[in-house]
Amino acid sequence: MGLPYFACLCNIKHLARSPKQGWTRLLPRMCLYHCANCGKSQLFLQQAADEALARNTGLSKLPKN
Ligand SMILES: [Zn+2]
């Protein structure tokens with residue numbers, strides 16, 4: 001818990017980036033995501049969401065060195 005991108009309690013793998021809405025340009029570091037599982041739109045820090053998605057898509061399984 002405490003991870004903002006788990007706002008809808010679905011697995012993060014369901015998250016897909018949504019097209020930028022006009023109002024999100026007011027928040028340049030934020031990015032709008034859409035959960036394909038429950039349909040909820042969520043706003044996350046783009047860097048945090050990208051890192052979490054990268055970890056969940058197998059990059060963490062790469063050799064450490
Ligand atoms: Zn969801």
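Residues numbered from 1 in each chain as written. Predicted model: local features only at pLDDT ≥ 70, side-chain atom pairs only at ≥ 80, totals over all residues.

Draft legend 1. Local environment of the pairing of strand β3 (residues 41–45). Sheet topology note: the strand β2 (residues 30–35)/β3 ladder contains five bridges and is antiparallel. Each residue of the ladder has a partner; that of Tyr-33, found in β3, is Gln-42. Joining the antiparallel neighbours β2 and β3 is a turn of five residues, in which Gly-39 adopts a positive phi near 85°. (Pairing = 2+ DSSP bridges. Helix = DSSP H or I, 4+ residues; strand = E, 2+ residues; numbered from the N terminus.)

Draft legend 2. Looking closely at unusual backbone geometry. Even without being a glycine, Leu-9 presents a positive backbone phi close to 70°. Among the structural elements, Leu-9 can be located in the segment before β1 (15–17).

Draft legend 3. Broad picture of the sheet that holds β3. Read from one edge to the other, the open sheet built from three strands follows the order β1-β2-β3, with strand pairing classed as antiparallel. Unpaired on one side and paired on the other, β1 and β3 mark the two borders of the sheet. Each adjacent strand pair in this sheet contributes to an overall mean axis angle of 40°, direction not counted. Of the strand pairs in this sheet, β1 and β2 are connected by three bridges, and their pairing is antiparallel. Residue pairing for β2: Arg-17 is matched across the bridge by Tyr-33. Its contacts with the sheet place helix α1 (residues 46–56) against β1, β2 and β3, and it is angled at close to 100° to β3. (Axes fitted to C-alpha atoms, helices over the stretch in contact; angles between N-to-C directions. Contact = placed C-beta atoms within 7 Å.)

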